[in-house]
Amino acid sequence: MAEGLDGTSLSKEAPETGRTELKQVMGPGLLLLFIIGDILGTGIYALTGQVAGKVGGIVWVPFLIAFLVALLTAFSYLELVTKYPRAAGAALYTHKAFGVHFLTFLVAFAVMSSGITSAATASRAFSANFMAALGLDAADGIVVLVAVGFLALVAAINFRGVGESVKLNVGLTLIELSGLLIIIGIGFYALGNGQGDINRAFVFTPEGESGVFWSVVAATTLAFFAMVGFEDSVNMAEECKNPSRIFPKVLLAGLCITGVIYVLVSIAAITLVPADQLSEGETPLLKVVEAGAPWFPVSIFGVITMLAVANSALINMMMASRLIYGMSREKVIPDVLGKVHPTRRTPYVAIIFTTLLAIGLLIFAGGVPQLGGTTALLLLCVFCVVNIAVLVLRRDPVSHKHFRTPTIVPVFGALTCAFLAGPWTGRDPVQYVIGGCLVAIGLVLWAVTVGLMRRLSPTTG
């Protein structure tokens, strides 16, 4: 028996037999749409220009490399989710592999923090696209103010208790997907009419004096933000029909579909808009629409973009607040953060706490590249732990059949994630500051909880 965060035993019988208390309603089709919808969103809509600014025309290369790195870790997640088909994701795998409560807490808090930084990134992108759709060229302070107002709206929706809705997820996924397909279609349409220059897609223009390798590495650390989200799907394992059988094919199919879309969007964007222009501002894909299809209403595409990033913000803030609530109930952070509203039945203190953190990031942490880069940094560290956990848990056999990835895959997955998380990649140092501050907040909460529990525990003699 392994112990939970609160000291209670975690039986291995449930995950081995696959029994669950949640209703299994998701088949392959709905799971595929969930995964695609979770990956698509803020990254490609907001960061394409920033990636182009680091490598020039070969903007598609960092997205391709980011896809390959994510694919390695996805194989590790596949082994773990089919071996232990339960919600909780990285925190569960970390605790089963190492049994160290503090390490489990750090992983869980890092995942929660990545949700907050991702939501802050989406809010900033929402604000920028909102101003652009209205034809306004607002100052940075106005963009931040609109983003804060948007986060307050997300908090209000979260407080009202918006539950998981398969129909809503399908609708928003189709909207996100339609926006990217429009960009791809505009690219092919423009090329067919003699517009644009496909040769730009093979021109490397480094930022500063960096060579090809380090410029691509630096761009990949940003592009990786566009590939995250697939890890959230493991939390749906208990609500899937026969997860040990369907998860491998569906997750890999979802990753491949989004990877292909990202490469095609990147090529279409750079074909129509030069890298130096694409990298200016926070609405790169709106520029592609204006350049390739000036007859297409920019306001409509702006609305599509806003809905795409709004969905990302809402999902991430819901995830972050529920993780805070869960950690409070597990007695690893103060009890007050686990309070539930008596009428709405939502974790309102956790919602307020995570919203204030996200607003603080918007005000003090900078723009989309800094926030998106911090999200990728936090998850790269989590992915590194997950890849190692796969190898450790090989000595924990289960009775049912499950996916098994070749040993070399998690080894390469851990090495590539650790490499991309390092300062040698050219990552903006502010990302380490942001991530460090968030983890420090978690450590303070942990220390306060431990101190209170020691004071309240009866003395033994």
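Residues numbered from 1 in each chain as written. Predicted model: local features only at pLDDT ≥ 70, side-chain atom pairs only at ≥ 80, totals over all residues. Heavy atoms only, no water.

Visitor: Describe the overall build of the chain, with residues and values.
Guide: Each helix and strand in the chain was counted, giving 17 helices and 2 strands. A total of 461 residues make up the chain; the buried ones form 55% of that total. Within the chain, contacts between residues at least 6 apart in sequence are counted, and of these 81% link residues at least 24 apart. As displayed, the chain offers around 18,800 Å² of accessible surface, 67% of which is attributable to carbon and sulfur atoms. (Helix = DSSP H or I, 4+ residues; strand = E, 2+ residues; numbered from the N terminus. Buried < 20%, exposed > 50% of the residue type's maximum accessible area, 1.4 Å probe, protein only. Contact = heavy atoms within 4.5 Å. Areas by Shrake-Rupley, 256 points an atom, 1.4 Å probe, with all protein chains shown as cover.)

Visitor: Give me helix 16 (residues 408-420): which residues, what numbers.
Guide: Along its 13 residues, helix 16 runs 18 Å from first to last C-alpha, staying within 8% of the 18 Å computed at 1.5 Å per residue. Every buried residue of helix 16 is accounted for by Val 409, Pro 410, Gly 413, Ala 414, Cys 417 and Leu 420. Projection of helix 16 onto a plane perpendicular to its axis shows the buried side chains occupying an angular sector of 140°, all on one side. (Expected span 1.5 Å × (residues − 1). Arc of directions from axis to C-beta.)

Visitor: Would you mind going over the state of the cysteines in detail, with residue names and values included?
Guide: Applying the stated criterion across every chain yields a total of 0 disulfides. Cys 384 takes part in no disulfide bond, and the closest cysteine sulfur, belonging to Cys 417, lies 6.4 Å away. By relative accessible area, which is 17% here, Cys 384 ends up buried. (Disulfide = S-S within 2.5 Å.)

Visitor: Please set out the environment of Leu 180 residue by residue, giving values where relevant.
Guide: Here Leu 180 shows up in helix 8 (residues 166-192). C-alpha separation for the pair Leu 180 and Ile 44, spaced 136 residues apart in sequence, amounts to 8.7 Å. Ignoring any residue separated from it by four or fewer positions in sequence, one finds Leu 180 in contact with Leu 40, Ile 44, Tyr 45, Ile 261, Tyr 262, Val 265 and Leu 285.

Visitor: Give me the lowdown on a nonpolar patch on the surface, citing residues and values where you can.
Guide: Taken together, the side chains of Phe 98, Val 100, Phe 102, Ile 388 and Leu 443 make up a nonpolar region of the molecular surface, amounting to roughly 370 Å² of accessible area. In this fold, Leu 443 is placed in helix 17 (residues 429-456). The partly exposed category is assigned to Leu 443, whose relative accessible area is 34%. (Patch = residues over 30% accessible without salt bridge, like charges linked within 9 Å, V, L, I, M, F, W, Y side chains within 5 Å. Salt bridge = Lys/Arg side-chain N within 4 Å of Asp/Glu carboxyl O.)

Visitor: Could you give me a rundown of the nonpolar core, with the residues and numbers involved?
Guide: Among the nonpolar cores identified, the biggest contains 142 residues, and Tyr 77, Leu 180, Phe 224, Phe 230, Tyr 262, Ile 324 and Met 327 are the most heavily contacted of them. The dominant element in this core, judged by the number of residues it contributes, is helix 15 (residues 368-392), at 15 residues. In contact with Tyr 77, other than residues within four places in its own chain, are Ala 90, Tyr 93, Phe 230, Glu 231, Val 234, Val 382, Phe 383 and Val 386. (Core = buried A, V, L, I, M, F, W, Y, C linked by side-chain atoms within 4.5 Å.)

Visitor: Any details on the pattern of salt bridges? Residues and values, ideally.
Guide: As enumerated under the stated definition, the model contains 2 salt bridges in all. Of the charged contacts, one joins Glu 207 and Lys 54 as a salt bridge, the two residues approaching to 3.1 Å between their closest N and O atoms. Of the two residues, Glu 207 is situated in the loop between helix 8 and helix 9 (212-223) and Lys 54 in helix 3 (residues 42-55); the sequence distance between them amounts to 153 residues. Across the pair Arg 394 and Glu 79 runs a salt bridge, and its minimum N-O distance is 2.8 Å. Here Arg 394 is found in the loop between helix 15 and helix 16, whereas its partner Glu 79 is found in helix 4 (residues 60-83), with 315 residues between them in sequence.

Visitor: Describe the packing of helix 6 (residues 101-133) against helix 14 (residues 348-364), listing the residues and the values that go with them.
Guide: Two elements in contact, helix 6 and helix 14, have axes separated by 9 Å at closest approach and are oriented at 55°. Relative to helix 14, helix 6 is oriented oblique. Pair helix 6 / helix 14 crosses with right-handed handedness. Touching Met 112, Ile 116, Thr 117, Ala 120, Ser 123 and Arg 124 of helix 6 are Thr 354, Leu 357, Ala 358, Leu 361 and Leu 362, all from helix 14. (Axes fitted to C-alpha atoms, helices over the stretch in contact; angles between N-to-C directions. Parallel < 35°, antiparallel > 145°, perpendicular 65-115°, else oblique. Left-handed = near helix turned anticlockwise from the far one by under 90°.)

Visitor: So what's going on with the environment of Gly 43? Residues and values would help.
Guide: Mapped onto the fold, Gly 43 is located in helix 3. Counting along the chain gives 180 residues from Gly 43 to Ala 223, while the straight-line C-alpha distance between them is 7.2 Å. Every residue in contact with Gly 43, bar those within four places of it in the chain, is listed here: Thr 48, Phe 225 and Ala 226.

Visitor: Summarise the side chain of Ser 215; cite the residues concerned and give the values.
Guide: Along the chain, Ser 215 falls in helix 9. Given a relative accessible area of 3%, Ser 215 falls into the buried group. Aside from chain neighbours lying at most four places away, what touches Ser 215 is Lys 54, Val 55, Phe 204, Pro 206, Glu 207 and Ser 210.

Visitor: Could you give me a rundown of the confidence of the model for the chain, with the residues and numbers involved?
Guide: The share of residues in the chain with pLDDT of 70 or more is 89%, and the mean pLDDT across the chain is 83. Counting contacts from residues 1-22, a segment whose pLDDT is below 50, to residues more than four positions away or on other chains yields 44 contacts. (pLDDT = per-residue confidence, 0-100.)

Visitor: Any chance you could break down the packing of aromatic side chains for me, citing the residues and the numbers?
Guide: What describes a pair of aromatic rings is the distance from one ring centre to the other and the angle between the planes of the rings. Scanning all chains against the criterion turns up 20 aromatic pairs. A centroid spacing of 6.2 Å and a plane angle of 70° characterise the contact between Tyr 77 and Tyr 93, whose relative ring orientation is edge-to-face. With a gap of 16 residues between them, Tyr 77 in helix 4 and Tyr 93 in helix 5 (residues 90-98) connect regions that are remote in the sequence. Here Tyr 77 and Tyr 93 have matching classes, each one buried. Look at Phe 105 and Phe 109: their rings are 5.6 Å apart centre to centre, the planes differ by 35°, and that puts the pair in the tilted class. Note that Phe 105 and Phe 109 are positioned in helix 6 at a spacing of 4 residues, about one turn of the helix. According to the relative accessible area criterion, Phe 109 is buried, its value standing at 2%. The structure contains a cluster of three or more aromatic residues connected by ring pairs, namely Tyr 77, Tyr 93, Phe 224, Phe 230 and Phe 383. (Phe/Tyr/Trp six-rings, centres within 6.5 Å; stacked < 30°, edge-to-face > 60°.)

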